[in-house]
Amino acid sequence: MRHRSSAGIGLILALLSALSFGTSGTFAHSLLEAGWSAEAAVIARVGIAALVLVAPAVWSLRGRWQTVRGNLRLIGLFGALGVATAQACFFNAVRYLPVGVALLLEYLGVVLVVGWLWLVRGQRPGRLTLVGSAVALVGLVLILDLTGAGRPDPVGVLWGLGAAFGLAGYFVIASRADTGVPAVAMASGGMAVGALLLTVLGLLRVLPLHATFGEVTFAGQRTSWLVPILGLSLVAAAFAYVTGVVSVRMLGAHLSSFVGLTEVIFAVLIAWLVLNELPTAIQLLGGALIVAGVALVRLAELRTDRTAAPSVPDAPPAQPALVGDGRPASTSAYKAP
């Protein structure tokens, strides 16, 4: 009975995490419309979230600073690729595409990981993984709607694919289960590195870095710029991450990764209700195929892990790290933001 109760609480937390992550594109949209650069919005989001998580990160380490020193390169790569690249590209994609379409393009990072493992590590994917990848790619073609009147801006598509690349980088980095760095410490450190990197590139004028501090339009109403900033950093980053970590530990890595797919649904619904954005029917079909393809890849991973270790007793799951737009994940599965 206690196990069922814990699983129920874990499921609720996982859904809350997915819902929170799903708000990021909508919050960012209001800032971008007000003149913020995508990079400035990312810096504000991850910088504030990193500060919020400093105290929990220090507590989780309990003086084990040698663990952090031994993984500075990995934390730096995580911040540069899994945080800065993924989030900056996603927010830039939101400038040109509906939030739901941008997020679906980012989810193709799962398929990119399959290709990377095959080409670089020689890990040939199984039949189910190949089917899932093919289904996701068909969904991408439908999302692009190349022959329709509502086909997306190609610049936005490129940014969306850049976000997928950043997310794929996160998956590869998160597969390192031997670091010993607690999840909260990896998250806070990675987001701090991402914010610092984007700030330096902005000051060097490599990337645009500008923001406005007046009123913005959010949900059809004029409000302070602090509203979407606090929403991005506290709701779509810090809260979403913490609830995600707890849910992963209660549900296990694989179940929480499937529940995390609801983020796409939440993001599309929120963008529809707040921004009146809704993909076309053909794009919705493509989105459904992408989600189905990702789910098949996840199912293949689950079967592989069960086959590899059929007699291993239940044990606490590995502490997850953070995805491109703040999502926790296991060593082998996204969520997971």
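Per chain, residues are indexed from 1 in the order of the written sequence. In keeping with the predicted nature of the model, local features appear solely for residues at pLDDT of at least 70, side-chain atom pairs appear and are counted solely at 80 or more, and the whole-chain, interface and lining totals rest on all residues. For the side-chain quantities, the full set of heavy atoms in the structure was used; hydrogens and water were omitted.

Participant: Outline the packing of helix 2 (residues 24-33) against helix 6 (residues 72-96), supporting the account with residue identities and numerical values.
Facilitator: To obtain an axis, a line is fitted to C-alpha atoms, over the contacting stretch when the element is a helix, and the angle between two such axes runs from 0 to 180 degrees between their N-to-C directions. Comment: elements are numbered from the N terminus, with helices defined as DSSP H or I runs of at least four residues and strands as E runs of at least two. Between helix 2 and helix 6, whose axes approach to 10 Å, the crossing angle comes to 65 degrees. Relative to helix 6, the element helix 2 lies roughly perpendicular. Crossing angle aside, the handedness with which helix 2 passes helix 6 is right-handed. In this structure, helix 2 contributes Ser24, Gly25, Ala28, His29 and Leu32 to the contact, and helix 6 contributes Phe90, Phe91, Val94 and Arg95. Classification used: nonpolar for Ala, Val, Leu, Ile, Met, Phe, Trp, Tyr, Cys and Pro, charged for Asp, Glu, Lys and Arg, polar for all others including Gly. Tallied by class, the residues present in the contact of helix 2 with helix 6 amount to five nonpolar, three polar and one charged. The labels follow the angle: roughly parallel below 35 degrees, roughly antiparallel above 145, roughly perpendicular from 65 to 115, and oblique for the rest. Two helices crossing with the near one rotated counterclockwise from the far one by less than a right angle form a left-handed crossing, whereas a clockwise rotation gives a right-handed crossing. For this analysis, residues touch if any pair of their heavy atoms sits within 4.5 Å.

Participant: Could you give an account of the environment of glutamine 123, naming the residues involved and the relevant values?
Facilitator: Relative to the assigned elements, glutamine 123 resides in the loop between helix 8 (109-121) and helix 9 (127-144). Categorising residues by exposure relies on relative accessible area from a 1.4 Å probe, with only protein chains included: less than 20% of the type maximum marks a residue as buried, more than 50% marks it as exposed, and the intermediate range marks it as partly exposed. When its relative accessible area of 42% is taken as the criterion, glutamine 123 is described as partly exposed. The contact partners of glutamine 123, leaving out residues within four places of it in the chain, are Leu117 and Trp118.

Participant: Before we move on, can you summarise helix 8 with the specific residues and values?
Facilitator: Helix span is expected to be 1.5 Å times the residue number reduced by one. Under the 1.5 Å per step criterion, the end-to-end length of helix 8 is 17 Å for 13 residues, consistent within 8% with the ideal 18 Å. Along helix 8, the residues that are buried comprise Gly109, Val110, Val111, Val113 and Val114. Glycine 122 sits one or two residues past helix 8 and shows a positive phi near 70 degrees.

Participant: I'd love a proper account of the environment of glycine 126, names of residues and values included.
Facilitator: Within the secondary structure, glycine 126 sits in the loop between helix 8 and helix 9. Here the alpha-carbon distance between glycine 126 and alanine 300, two residues 174 residues apart in the chain, equals 7.5 Å.

Participant: I'd like a rundown of the environment of phenylalanine 91, residues and numbers included.
Facilitator: Here phenylalanine 91 lies in helix 6. The class of phenylalanine 91 is buried, set by a relative accessible area of 0%. Setting aside residues up to four positions removed in sequence, phenylalanine 91 forms contacts with Ser24, Ala28, Leu32, Ala38, Ala41, Val42, Arg45 and Leu232.

Participant: Residues and numbers for the pattern of salt bridges, please.
Facilitator: Salt bridge, as used here: a side-chain nitrogen of Lys or Arg that lies within 4 Å of a carboxyl oxygen of Asp or Glu. Under the definition given, this model contains one salt bridge. Between arginine 222 and glutamate 215 there is a salt bridge, with its nearest N and O atoms 3.8 Å apart. Glutamate 215 shares its class with arginine 222; the two are exposed.

Participant: Outline the packing of aromatic side chains, supporting the account with residue identities and numerical values.
Facilitator: Here a pair means two rings of Phe, Tyr or Trp (six-membered ring of Trp) with centres within 6.5 Å. Their orientation is stacked below 30 degrees between planes, edge-to-face above 60, and tilted elsewhere. All told, the structure shown has five aromatic pairs when counted by the stated rule. Between the aromatic rings of tryptophan 36 and phenylalanine 213, the centroid separation amounts to 5.8 Å while the plane-to-plane angle is 70 degrees, which identifies the pairing as edge-to-face. Placement of the pair is tryptophan 36 in the loop between helix 2 and helix 3 (38-52) and phenylalanine 213 in the loop between helix 11 (183-203) and strand 1 (215-218), with a sequence separation of 177 residues. The exposed category is assigned to phenylalanine 213, whose relative accessible area is 55%. Centroid distance phenylalanine 213 to tryptophan 225: 4.9 Å. Interplanar angle 75 degrees. Geometry classified as edge-to-face. On the criterion of sequence distance, the pair formed by phenylalanine 213 in the loop between helix 11 and strand 1 and tryptophan 225 in the loop between strand 2 (221-224) and helix 12 (226-251) is long-range, its members being twelve residues apart. Lysine NZ or arginine CZ positioned within 6 Å of the ring centre and within 35 degrees of the ring normal marks a charge as sitting over the ring. Of note, arginine 62 hangs over the ring of tryptophan 59, and the distance from its end group to the ring centre comes to 4.0 Å.

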